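# Architecture and fold: a report
Residue strings, one per chain:
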Amino acid sequence: KDVFFPTEDIWKCGYLRKQKHGHKRFFVLRGPSNLGPSRLEYYDSEKKFRNTLKAAASTASVACPPKRNKYLIALYTKDEYFAMVADNEQEQEDWYLALTELMTEGKKGQLDTDELDDGYGTISPGTIFKEVWQVNVKPKGLGQTKNLMGVYRLCLSAKTIHLVKLNSETPAVNLPLMNIRRCGHSESFFFIEVGRSSSIGPGEIWVQVEDSVVAQNMHETILDTMKALKSGGCCAHASPGSAHHTRSASLPVSHF
């Protein structure tokens, strides 16, 4: 259950579990204010958070694994990955919407993500992707011939898949969805087959992810986005039939 405080910069707060060890922590989503920029903080307990508020006032200072990861919320930066686990789908959706709303608030006056996506792989600063997955490109097909092996963020926008190398802000590979012939998954592996018009030529890219649930979610979500592009519509963040999925966003995270 969320707890609300009379502090203007707090958008949302409540208990979530860290993905790695499953420990419950009290998370606080803050918007920009005289106290600092937008950020996500977490504390060992709500009591510690309340004590922090009292201290600030007194000094006048202005995430079995598949089951555990069922309602994952993932935050990405160019070199970090942080994941939290909600107790149910509604809680996951509420936190995801709060995070994306806060990021969108900071982009007022800019074009939205679909307008920013020109279909050729251009990424504007602050772009909010439909989905982001951490993947390991395998030494198979184009992964080997184009020397793409390693850990990447696979970022899905309205018209393009971007493979962004860990610790980098510039995509190593941009794959317009219209260039993808087919995609699929097998166990914890996901693959994309591209045609001759792609920037890296024809062939397949194979990636490995955390488990078969994530691979299936990637397959369904990318397939839905491709269908939406061809039909001229827009697609949801995850397919309705996917019981396990990850909601992703990007925001600084601090532990107190």
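Residues numbered from 1 in each chain as written. Predicted model: local features only at pLDDT ≥ 70, side-chain atom pairs only at ≥ 80, totals over all residues. Heavy atoms only, no water.

Per an unreviewed UniProt entry, the chain is named Insulin receptor substrate 4a, and its organism is Pygocentrus nattereri.

On to the side chain of His 219. Its place among the elements puts His 219 in helix H6 (residues 212-231). When sequence neighbours within four positions are dropped, the list of residues in contact with His 219 reads Cys 183, Gly 184, His 185 and Phe 190. (Helix = DSSP H or I, 4+ residues; strand = E, 2+ residues; numbered from the N terminus. Contact = heavy atoms within 4.5 Å.)

A separate point is the nonpolar core. Formed by 27 residues in total, the largest nonpolar core has its most connected members in Trp 133, Val 135, Leu 154, Ile 161, Ile 205, Met 218 and Ile 222. For this core, the elements supplying multiple residues, two or more each, are strand S6 (131-141), strand S7 (150-156), strand S8 (160-165), strand S9 (173-176), strand S10 (180-186), strand S11 (189-194), strand S12 (203-208) and H6. Take this core: its biggest share by element is five residues, from H6. Not counting residues within four places of it along the chain, the set of residues in contact with Ile 205 comprises Val 137, Leu 142, Leu 163, Leu 175, Phe 190, Phe 191, Ile 192 and Ile 200. Residues Leu 16, Leu 75, Leu 99 and Leu 102 belong to the second largest nonpolar core, which totals 15 residues. (Core = buried A, V, L, I, M, F, W, Y, C linked by side-chain atoms within 4.5 Å. Buried < 20%, exposed > 50% of the residue type's maximum accessible area, 1.4 Å probe, protein only.)

This brings us to the pattern of salt bridges. Using the criterion set out here, one finds eight salt bridges in the structure. A salt bridge links Lys 48 to Asp 44, with the shortest nitrogen-to-oxygen separation between them at 3.2 Å. You can call Asp 44 partly exposed: its relative accessible area is 30%. Salt bridges here are not isolated pairs; linked through shared partners, they connect Arg 181, Arg 182, Glu 193 and Glu 204. (Salt bridge = Lys/Arg side-chain N within 4 Å of Asp/Glu carboxyl O.)

Compared with the 28 Å implied by 1.5 Å per residue over 20 residues, the 28 Å span of H6 between its first and last C-alpha is a close match. For H6, the capping residue at the N-terminal end is Asp 211, with a side-chain oxygen 3.1 Å from the backbone nitrogen of Val 213. Residue Gly 232 follows H6 closely and has a positive phi angle near 80 degrees. (Expected span 1.5 Å × (residues − 1). Polar contact = N/O pair within 3.5 Å; in protein donor to acceptor, adjacent residues only side chain to side chain.)

This part covers the sheet that holds S7. Spatial ordering of the open sheet is given by S9-S8-S7-S6-S12-S11-S10, a layout of seven strands whose pairing is antiparallel. Because the sheet does not close on itself, it has two edges, and the strands there are S9 and S10. Between one strand axis and the next, the sheet turns by 30 degrees as a mean value, whatever way the strands run. Bridge count between S10 and S11: six bridges; the pairing is antiparallel. In the strand pairing of S11, His 185 is matched with Phe 190. Helix-sheet contacts for H6 involve S6, S7, S8, S10, S11 and S12, and the interaxial angle to S10 is about 160 degrees. (Pairing = 2+ DSSP bridges. Axes fitted to C-alpha atoms, helices over the stretch in contact; angles between N-to-C directions.)

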